[in-house]
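Listed here are the chains, written in short residue letters.
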Amino acid sequence: MARTMRKNRALPLSGSALAKFRKQLLAWFARHKRDLPWRRTRNPYHVWLSEIMLQQTRVAAVVPYYQRFLQRFPDVQTLARAPEQEVLRLWAGLGYYSRARNLQKAARQIAAEHGGQFPRTREEALALAGIGNYTAAAILSIAYGEKLAVLDGNVARVLARLGAIRGDLRKAGRWSNLQKAAGALLDPATPGDWNQAMMELGATVCTPRAPRCLLCPVGEFCEGRKLGLAEALPEKRKKRAPVQVRLAAAVLLDAKGRTLLLPPPLSATNGDGAANHVPSLLSKMWHFPTVSVNGSAESALRQYLRSLGASAEVHSADFLRLKDVRHAVTYREVRVAPFRILLQQLPRVKGGKVLPLGGIDAVPVSNLTRKVARAALPPAPNAKRRDS
Ligand code: SF4
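Residues numbered from 1 in each chain as written. Predicted model: local features only at pLDDT ≥ 70, side-chain atom pairs only at ≥ 80, totals over all residues. Heavy atoms only, no water.

Colleague: It is not clear to me how the site of the ligand should be interpreted in this structure. Could you clarify?
Modeller: Around the ligand, the neighbouring residues are Arg161, Leu162, Val205, Cys206, Cys213, Cys216, Gly219, Cys222, Arg225 and Ala230. Judged by its atoms lying within 2 Å of the grid points, the ligand is housed in the largest cavity. Taken together, the residues that form the shell around the ligand break down as 7 nonpolar, 1 polar and 2 charged. (Near = heavy atom within 4 Å. 1 Å grid on protein atoms, 1.4 Å probe; cavity = no way out; pocket = protein on both sides within 12 Å on 5 of 7 lines; lining within 4 Å. Sits in = over half its atoms within 2 Å of the grid points. Nonpolar A, V, L, I, M, F, W, Y, C, P; charged D, E, K, R; others polar.)

This is the structure in structure tokens:
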């Protein structure tokens, strides 16, 4: 396929074709939209929360988190006042925790600078932590009816197919052309519904694989479909090469089944050298003592525990290696070697927390830490003592 951008035959539409396009898409949205909790409100705080949670996360996964979060933090002020650890605990499992931190930071900005009300202008919204062009347009159009068109990967895919646009959509010039096309299609009478309709079309009909063109409400306008290119568009971007990350984690256990977790500040800010051993992947949530590995996983872990000031009992204990845990974070492919280490008494580590292994969710932990806990609970019958 030629790597050039076609002249957009279908975009932007104008006159009666544009009016028909808008009418058909909005009518379809009114009939077929999914009933989602954040669609039953125009409350800017609720819309904002849903947009942040939905970033890179499936709708089905977001719904229970959204509901729990709003129960605990029903308004901006409550969120602004809450301890960060509490916010992260409610977010735990959704991933991409910087979203939760930025959400609270922005809540504090809104409480301090906007009287607790989400601002109404694009410039003010963009000044908030965690809010970019897409999120600002989504929130302001849905909550306040501002005439701002959203453009994310989902909408870009729909536009690329409608206009049979080839090449890497994320290239600067191409992306700004798409933004203009999205703006030209936007229905100024109902910008919030319009944006949601475009996103819904991308999520349920014009899907990344196997678009359901026969059911598409705007199929007659689609150049990609006419040219038989729907599935081939958008063209694939060059993927960033995956980076392999190897870690070793210590699941220390006492006779009562309790374990030791280390806190986020220890790994993030400790200036005594130990922080250098704690991989950035784990640095902002509670986690098992964990270290990056180049050679022997067990040796690296023993050395790290020594640097934390663990007791002599830890040094002489058996390190039982459990089945490796695999985890993917964007381009990083993480492989963790968990070790189960039985002790009479857990070491005292400044800031550390002792919890039942089955109850680590009492503090904010990442999915990776959960996987490590699962590997150690119950003891794997086929665990081998080996090292690599
Ligand atoms: Fe997408 Fe097919 Fe509709 Fe075109 S006709 S917008 S490719 S679902």
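Colleague: Got a minute to help me understand the confidence of the model for the protein chain in this structure?
Modeller: Interpreting fine coordinate detail is not advised for predicted regions of low pLDDT. Per-residue confidence for the protein chain averages 89 on the pLDDT scale, and 90% of its residues sit at or above 70. For the stretch residues 266-277, pLDDT sits under 50, and the model shows 20 contacts to residues farther than four places along the chain or on other chains. (pLDDT = per-residue confidence, 0-100. Contact = heavy atoms within 4.5 Å.)

Colleague: It is not clear to me how empty space enclosed by the protein should be interpreted in this structure. Could you clarify?
Modeller: One way to see where empty space is left: roll a probe the size of a water molecule over the atoms. The final tally for this structure, using the stated rule, is 4 cavities of 30 Å³ or more. Volume-wise, the largest cavity comes out at about 110 Å³. Taken together, 15 residues make up the lining of the largest cavity; nearest its centre are Arg161, Cys206, Cys213, Cys216 and Cys222. Sort the elements by how many residues they give to the lining of the largest cavity and helix α9 (residues 153-162) lands first, with 3 residues. (Points joined across faces, edges and corners; volume = space filled by probe spheres on them. Helix = DSSP H or I, 4+ residues; strand = E, 2+ residues; numbered from the N terminus.)

Colleague: How do you make sense of the packing of α9 against helix α10 (residues 172-185) when you look at a structure like this?
Modeller: Between two packed helices, both the angle of their axes relative to each other and the distance between the axes serve to describe the pair. One can describe the packing of α9 onto α10 by two numbers: an axis separation of 10 Å at closest approach and a directional angle of 85°. By the criterion of interaxial angle, the relationship of α9 to α10 is roughly perpendicular. Counting all contacts with α9, which are made through Gly153, Ala156, Leu159 and Ala160, the residues of α10 involved are Trp175, Leu178, Ala182 and Leu185. (Axes fitted to C-alpha atoms, helices over the stretch in contact; angles between N-to-C directions. Parallel < 35°, antiparallel > 145°, perpendicular 65-115°, else oblique.)

Colleague: It is not clear to me how the pattern of salt bridges should be interpreted in this structure. Could you clarify?
Modeller: Where charged atoms from two side chains of opposite charge come close, those side chains can pair. Counted according to the given criterion, the structure contains 14 salt bridges. The partner of Glu220 in a salt bridge is Lys20, and the shortest N-O contact between them spans 2.8 Å. Remark: Lys20 occurs in helix α1 (residues 15-32) and Glu220 occurs in the loop between α11 (191-204) and α12 (223-226); sequence separation between them is 200 residues. You can call Lys20 partly exposed: its relative accessible area is 40%. Glu86 is paired through a salt bridge with Arg72; the nearest N and O atoms lie 2.9 Å apart. Of this pair, Glu86 sits in helix α5 (residues 84-91) while Arg72 sits in helix α3 (residues 59-72), placing them 14 residues apart in sequence. Taken together, the shared-partner salt bridges connect Arg34, Arg39 and Glu200 into one network. (Salt bridge = Lys/Arg side-chain N within 4 Å of Asp/Glu carboxyl O. Buried < 20%, exposed > 50% of the residue type's maximum accessible area, 1.4 Å probe, protein only.)

Colleague: Can you help me understand the side chain of Glu235 in this one?
Modeller: Along the chain, Glu235 falls in the loop between α12 and β1 (243-253). Since its relative accessible area comes to 8%, Glu235 is described here as buried. Polar contacts involving the side chain of Glu235 include one to the main-chain amide nitrogen of Gly167, which spans 3.2 Å. (Polar contact = N/O pair within 3.5 Å; in protein donor to acceptor, adjacent residues only side chain to side chain.)

Colleague: Explain the environment of His315 here, please?
Modeller: With respect to the helices and strands, the residue His315 is situated in helix α15 (residues 312-316). On the accessibility criterion, His315 (30% relative accessible area) is partly exposed. Distance in space between the C-alpha atoms of His315 and Arg302 is 6.8 Å, their sequence separation being 13 residues. The contacts of His315, once residues within four sequence positions are left out, are Arg302, Leu305, Arg306 and Ala310.

Colleague: What am I meant to see in the nonpolar core here?
Modeller: Among soluble globular proteins, nonpolar side chains are generally buried collectively. Membership of the largest hydrophobic core comes to 43 residues, with the highest contact counts inside it found for Trp48, Met53, Phe69, Trp91 and Phe118. Where this core is concerned, the elements lending two or more residues are α2 (44-54), α3, α4 (76-81), α5, α6 (98-113) and α8 (133-144). With residues up to four places along the chain from it excluded, the contact list for Met53 reads Val62, Tyr65, Tyr66, Phe69, Trp91, Leu94 and Arg99. In terms of nonpolar packing, the next biggest core, distinct from the first, is built from 38 residues, Ala156, Leu169, Trp175 and Cys222 among them. (Core = buried A, V, L, I, M, F, W, Y, C linked by side-chain atoms within 4.5 Å.)

Colleague: Explain the layout of surface pockets to me, please; I cannot follow it from the model alone.
Modeller: In this model, the largest pocket occupies a volume close to 1,600 Å³. Lining of the largest pocket is provided by 43 residues; of these, Gly153, Asn154, Arg157, Arg170 and Pro208 occupy positions nearest its centre. Secondary structure elements with two or more residues in the lining of the largest pocket: α2, α8, α9 and α11. By residue number, the principal contributor to the lining of the largest pocket is α9, which donates 5 residues. Of the residues belonging to the lining of the largest pocket, the class tally is 17 nonpolar, 8 polar and 18 charged.

Colleague: I would appreciate a short explanation of α9 in the present structure.
Modeller: Count 3.6 residues to each turn of an α-helix, and residues three or four apart come out pointing the same way. Among the 10 residues in α9, 8 count as buried, and that is most of the element. All of the buried residues in α9 are Val155, Ala156, Arg157, Val158, Leu159, Ala160, Arg161 and Leu162. If you follow the buried residues of α9, they end up packed against α1, α10, α11 and α12. N-cap assignment for α9: the residue whose side-chain oxygen lies 3.2 Å from the backbone N of Asn154 is Asp152. After α9 finishes, the residue Ala164 shows a positive phi value of roughly 50°.

Colleague: Would you mind showing me how to read the packing of aromatic side chains here?
Modeller: Where two aromatic rings form a pair, the distance of their centres and the angle of their planes describe that pair. Here the structure, examined in full by the defined rule, presents 8 aromatic pairs. Geometrically, the ring pair formed by Trp48 and Phe118 is tilted, given 5.4 Å between the ring centres and 55° between the ring planes. Here Trp48, found in helix α2, pairs with Phe118, found in the loop between α6 and α7 (122-126); they are 70 residues apart in sequence, far enough to count as distant. An identical accessibility class is assigned to Trp48 and Phe118; each is buried. These aromatic residues form a ring-pair network of at least three members: Phe21, Trp194 and Phe221. Its guanidinium or amino end placed over the ring of Tyr144, Arg120 lies 4.1 Å from that ring's centre, counting from NZ or CZ. Here the basic side chain of Arg240 rests over the ring of Tyr331, its NZ or CZ set 3.7 Å away from the ring centre. (Phe/Tyr/Trp six-rings, centres within 6.5 Å; stacked < 30°, edge-to-face > 60°. Lys NZ or Arg CZ within 6 Å of the ring centre and 35° of its normal.)

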